[in-house]
Structure formats: structure tokens, C-alpha cells
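Chain residues, written in single-letter form:
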Amino acid sequence: MMSTQFPWLTLLTLFPLVAALPIPFIPDKEGKTVRTYALSVGLIEFALLVYAFWKDYDLANPAFQLVETYAWMPQIGLNWSLAVDGLSMPLVLLAGLVTTLAIFASWKIQHKPRLFYFLMLVMYSAQIGVFVAQDLLLFFLMWELELVPVYLLIATWGGQKRLYAATKFILYTAIASVFILVAALAMAFYGDTFTFDMQALALKQYSIGFEIAMYAAFLIAFGVKLPIFPLHTWLPDAHSEAPAPVSMILAGVLLKMAGYALIRINVEMLPNANVYFAPVLAVLGAVGIIYASLTAFAQVNLKRRLAYSSIAHMGFVLIGIAAFTDIGLSGAVTQMVSHGLIAASLFFLSGVIYEQTHTLMMDKMGGMAKQMPTLFALFTAGSMASLALPGMSGFVGELEVFLGFATSDAYSTSFKVVIVLLAAVGIILSPIYLLSMLRTIFYGKELHSAEQAEGQAELAAKFTFRDAKPREAFIALCLLIPIIGIGIYPKLATQTYDAKTVEVAAQARQVLPLIADQPFHFSQPVLIAPAVMEVEAKELAQIVQ
């Protein structure tokens, strides 16, 4: 056992799971007691997260902190090994905020409330576990634990095609998880020592062929979850059928698990293979941005349009990871935090709209701004953040990614120009499909008023428009305030991971001159001279020191 202080991470990981166990035995007929209990657990968990990091976490230290290691199943090499650093700490806070608000957003759940809140709390623990696990097998177990609640939540509380969407989700993600397990076992058995410890695995000297195979396996697994084009098709179906609180977590947290894992495992643990695959990540990111932005235009379903918007925004994360610069990597993390907040707010507000209109088809909406001014203002603010309006967090993340990739010396000028131009086209497309969405929903002809005027009173009666309630406005503001705060003062977010992103970028660049001399190098045309790489790598190393 290794722990020099109070076991905060063990408490934070297990508390929601343990607190979920009494839920089936809580006496409650209408679900009010259970929802209050679940919300209380969420609030306590988030408060503990904030207190633990405020008390014992040093923002200037890029090393792992709050380290805990306990022998769990030594027969199979499984340790309960937990730690946080600049990559995981902001995402743990994001998970805590979004999940707690999602529980509050579930206030009207009446169908099987015990099971619903039980699954939400189990998923809460699994999310925290993924971000803090430092044992690769433990990481896999937490990754798998998160899949089951999402499947059941969609299959039980989703829309008309919920079984199809849930089955597609579990098939894609479960099959992808096999690649994580196989790669983890292969890395653990490689060499003279058997271990799942991530730091020990990162120090092993793998052959370049083995490392490339492991990188490809993890890329497929995490590419499904991010998602990367063309492994994305499960996401629009899942979002369109999932209840709004589940969509909040799906877009706000679960997609970020894949982005985090790409940096933690692919970039940090497999740096040699990362040099080969980084140009591929950049291309996939740029293609995903263009493809998802164009596809969003064709979506009449509100949540499907937002789902494709999420795919486009995750493309910027890939480009930032591939940049080989500290500002590019910082932009990738900023984009994950920013999109987590923005997507959670938009999917929540789309759920509020659905509760009143009983439809997600935008062509059946219209003229709702006058009747719902508060909801209109909140939805507009979230959309402006999503299209990267200056002064909001979306602008900060995308700007960092652009600067990081454009100033990278790891690629030829022609390659950088192509990627930056493609990404810029995506930035131009996003205001078009987002503003057209706002126009269709909130402006134009009041369709349901017209139906009532034509004598279809029964059809129009079910559309009882009301403005956002205080609870709904509070949830949206809890997400929009940090969005605006980061946009105005980016250091609110970047100071939590700047030290770590500089270190990771320096380590990634130090490998470049070594790999550039290898005979097998399919990225050769887009990489510049090894001599330049060596100078830049030394400069970055000096910055870290």
C-alpha cells in the first residue's frame, strides 16, 4: 500500500456506488424521496471533489498527486491504483458538475425512479474511476462499468426507437472495449516483468512494430467512443433516443473519456507510435469536422443535429492532440472541458423544449421566442458558445488548437495549411447550421398557433408553451456561467493543466528526431527535418525543467 494522506480518490470513486446500494430499500411510492436522496449524494460528491482538490492539489505540479496504491487481486496483477494530474483533475470536476446537474434535471422521472437514480449513481462512480485509474486493468473495468448503466438508461427511458439505439450503443462500445483488454494484456506480458501499472508500462522498451499495433488497437477503441469518423454512427441514434439527462452525461462526460484516454495512453505511454499516427489523427479530425458539419445541415431532429455538432467539435480535439505543441495539447483539453459544458447545456435545454412540444422535429416548431423568452435566451447563449463566439469557452479551445497546430514545427507547411483550412471551413459551417436551428425553433411562423386557428384545437392543445422554470434556468446557468467565465478569463481552466500539457508535449517532441531516422515511416512526407526536431525538443525540455 502507498498513500501519504487521506484516501480522497478512493472515497470519491466509491462514494456514489456505495450510496446507490440502499436505493432499492428506500420507502418511496412516488419517487420524491429517492430523487432527493440521489441529488443529495451528487451534491455531497461534487462538494468533496472541490474540497479535496482545493486542499491537497498543487496546480503547478505536473506529476501525479493524491496517489493511492493498494494490492487488490495480486494473483492477476490488479491493483487499486489511483492518482490525478493536470489531465484528469479538470475532467473529474467536469464529470462531477455535469452528472450532479443531470440528476437534478431528472426531477420529473416517474417510471422506475429507484432503478433510474441507482444507475445514475453507478455511472457517476464509473466516470470518476476512469479518470483517476492508474492501473490499466482497473481502467478497463471502470470503462466497462460505465457501459451498462448507459445501455439500461437508454433502453428503459428512451424514445420510440430506444431498443435499437441502446443495442447499437452497446454493440459498438462493447466490441471496441475488446481492443482495450487485448492491448492491455499484450503490454502487461511484454518483456521480463508482468504489470498493469500505467507508469511502469510507459517505461517498457517496446519494439516499434508492437507499439504501432497497440496504438492502433487503442485508437479503434477510443475512436468509437470519441467518436471518430467513420466509427460515429451509434452517437446520433443514442442521443436522439436517450432522455435529456442521459444525453447531458453522454455528450458532456463520456465522450471526453475517450479524448482523455488518447492523451493518457496513446500519447504518453506509446510515444514512438504516436509520431506515426499523429498525422492520421489530424486528417481524421479535419475530415470529421467537415463531414459532421455538413451532415448536421440535413438533420431535422434537434438532438441529432446537436449530436453531429458534437462529432465536429471532437475533431478539434484530435487536431490538438496531433499538434506536438503545448498550446495545441492545451487546446485539446480546453475543447473537451468547453464542449462538455456547452453540449450538456444544449441537450438539457432540448429536453426542456421536448417536454412542452412532445417532438424533436424542428419543422414542427416555430415562433417560440415570444412565448419562452428565458428559454430562448439560454438556448441562444449555448448556441453562441458552440459556434465559438469570442468571449465564450468554445472560442478559446478552438483558437488554441488552431494556434498550436499552425505553429507546430513537426509538419510541413503544406500539410499544416490543408488541415487548418479544412478546420476553418468547419468553423464557418457551424454558425450556419446552429443559427438556422435557432431560426427554425424560435423564429418564423408560429406553427401551432396556426393549427389552432385552422380548427385543430385538439392538436394544438398539447403544445402548452411555458417559459423555463427556476429549476431549469438554474441548471442551464450553472453550465453557462463557467462557459462565459472561461471565455473571458481562460486561465480559470488552463491553469489546472498548463504544467502537464507542457510536459506531455515536450516528451512527445523528444521522440521525433529518433523516429524520423527509422526506415519505416509512413508520415515522412508531412514531417520536417529531424535536425530541426532535435533543436525544438531540447528547447521544450528546457522549458519543462
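Residues numbered from 1 in each chain as written. Predicted model: local features only at pLDDT ≥ 70, side-chain atom pairs only at ≥ 80, totals over all residues. Heavy atoms only, no water.

A word on the overall build of the protein. Within the protein one finds 23 helices and two strands. Looking at the protein residue by residue over its 545 residues, the buried ones come to 60%. In the protein, once contacts between residues fewer than 6 apart in sequence are set aside, the share between residues at least 24 apart is 80%. Working note: accessible area of the protein is about 20,300 Å², and carbon and sulfur atoms make up 68% of it. (Helix = DSSP H or I, 4+ residues; strand = E, 2+ residues; numbered from the N terminus. Buried < 20%, exposed > 50% of the residue type's maximum accessible area, 1.4 Å probe, protein only. Contact = heavy atoms within 4.5 Å. Areas by Shrake-Rupley, 256 points an atom, 1.4 Å probe, with all protein chains shown as cover.)

What follows covers the environment of Thr10. Following the sequence through the fold, Thr10 ends up in helix 1 (residues 8-20). Under the relative-accessibility criterion, Thr10 is labelled buried at 18%. Taking the C-alpha atoms as reference points, Thr10 and Leu66, 56 residues apart in sequence, are found 9.9 Å from one another. Not counting the four nearest positions on each side in its chain, Thr10 is found in contact with Glu68, Tyr70, Trp80 and Leu82.

This part takes up the side chain of Gln356. With respect to the secondary-structure elements, Gln356 resides in helix 13 (residues 326-357). Assessed through its relative accessible area of 3%, Gln356 is described here as buried. At a separation of 2.6 Å, a polar atom in the side chain of Gln356 contacts the main-chain amide nitrogen of Arg466. (Polar contact = N/O pair within 3.5 Å; in protein donor to acceptor, adjacent residues only side chain to side chain.)

Further remarks concern the environment of Ile432. For Ile432, the position within the fold is in helix 16 (residues 413-442). With relative accessibility at 42%, the residue Ile432 sits in the partly exposed group. In this structure, the C-alpha to C-alpha distance between Ile432 and Leu387, residues 45 residues apart in sequence, is 8.9 Å.

Time to look at the nonpolar core. In terms of nonpolar packing, the biggest core is built from 191 residues, with Phe139 and Phe222 touching the most fellow members. It is helix 10 (residues 244-267) that provides the largest number of residues to this core, a total of 16 residues. For Phe222, the residues in contact, after removing those within four places along its chain, are Phe139, Trp143, Ile180, Ala258, Ala261, Leu262, Ile265 and Asn266. (Core = buried A, V, L, I, M, F, W, Y, C linked by side-chain atoms within 4.5 Å.)

The next subject is the pairing of strand 2 (residues 78-84). Counted residue by residue, strand 2 has six buried out of seven residues, so it is predominantly covered. The sheet contact formed by strand 1 (residues 65-73) and strand 2 spans six bridges and is antiparallel. Residue pairing for strand 2: Thr69 is matched across the bridge by Ser81. With antiparallel pairing between neighbouring strands as the criterion, strand 1 and strand 2 make up a hairpin whose turn holds four residues, including Gly77 at a positive phi of roughly 75°. (Pairing = 2+ DSSP bridges.)

What follows deals with unusual backbone geometry. At the junction of Leu226 and Pro227, the peptide bond is cis and its omega measures out at -5° in the coordinates. Here Pro227 is to be found in the loop between helix 8 (208-225) and helix 9 (234-241). Although it is not a glycine, Phe324 adopts a positive phi angle of roughly 65°. Positive phi, normally seen in glycine, also occurs at His358, with a value near 60°.

What follows is about the packing of helix 11 (residues 271-297) against helix 16. One can describe the packing of helix 11 onto helix 16 by two numbers: an axis separation of 9 Å at closest approach and a directional angle of 25°. Compared by their axis directions, helix 11 and helix 16 come out roughly parallel. As helix 11 runs across helix 16, the sense of the crossing is left-handed. Facing helix 11, whose interface residues are Pro279, Ala282, Val283, Ala286, Ile289, Ile290, Ser293, Leu294, Ala296 and Phe297, helix 16 presents Phe415, Ile419, Leu422, Ala423, Val425, Gly426, Leu429, Ile432 and Tyr433. Counted by class, the contact of helix 11 with helix 16 contains 17 nonpolar, two polar and no charged residues. (Axes fitted to C-alpha atoms, helices over the stretch in contact; angles between N-to-C directions. Parallel < 35°, antiparallel > 145°, perpendicular 65-115°, else oblique. Left-handed = near helix turned anticlockwise from the far one by under 90°. Nonpolar A, V, L, I, M, F, W, Y, C, P; charged D, E, K, R; others polar.)

Bringing helix 19 (residues 470-488) into the picture now. Along its 19 residues, helix 19 runs 26 Å from first to last C-alpha, staying within 8% of the 27 Å computed at 1.5 Å per residue. Taken as a whole, helix 19 has its buried residues at Arg471, Glu472, Ala473, Ile475, Ala476, Leu479, Leu480, Ile483, Gly485, Ile486 and Gly487. Among the structural elements, helix 3 (89-105), helix 10, helix 13, helix 14 (373-386), helix 15 (393-406) and helix 20 (491-494) are those in contact with the buried residues of helix 19. (Expected span 1.5 Å × (residues − 1).)

Let us now look at the pattern of salt bridges. Applying the stated criterion to the full structure yields 13 salt bridges. Note that Lys500 and Glu503 form a salt bridge whose closest N and O atoms lie 3.1 Å from each other. Pair noted here: Lys500 and Glu503 are both in helix 21 (residues 498-510), with a separation of three residues, about one helical turn. Here the two residues Lys500 and Glu503 agree in accessibility, since each one is buried. (Salt bridge = Lys/Arg side-chain N within 4 Å of Asp/Glu carboxyl O.)

Moving on, we get to the confidence of the model for the protein. Within the protein, residue pLDDT values average 89, and 89% of them lie at 70 or more. Confidence over residues 449-456 falls short of pLDDT 50; this stretch has seven contacts with residues more than four positions distant or in other chains. Residue range residues 529-545 is modelled with pLDDT below 50. Its contacts to residues more than four positions away, or to other chains, number 23 contacts. (pLDDT = per-residue confidence, 0-100.)

Time to look at the packing of aromatic side chains. Taken as a whole and assessed by the stated rule, the structure comprises 32 aromatic pairs. For the ring pair Trp143 and Phe222, a centre distance of 5.4 Å and an interplane angle of 55° mean the geometry is tilted. Of this pair, Trp143 sits in helix 5 (residues 136-157) while Phe222 sits in helix 8, and the two are 79 residues apart along the sequence. Of the two residues examined, Trp143 and Phe222, each falls in the buried class. Ring geometry for Phe218 and Phe222: centres 5.7 Å apart, planes at 15°, overall stacked. Within this pair, Phe218 and its partner Phe222 are both found in helix 8, separated by four residues, close to a single helical turn. In terms of burial, Phe218 and Phe222 fall into one category: buried. Grouping aromatic residues by their ring pairs yields a cluster made of Phe6, Trp8, Tyr51 and Trp54. (Phe/Tyr/Trp six-rings, centres within 6.5 Å; stacked < 30°, edge-to-face > 60°.)

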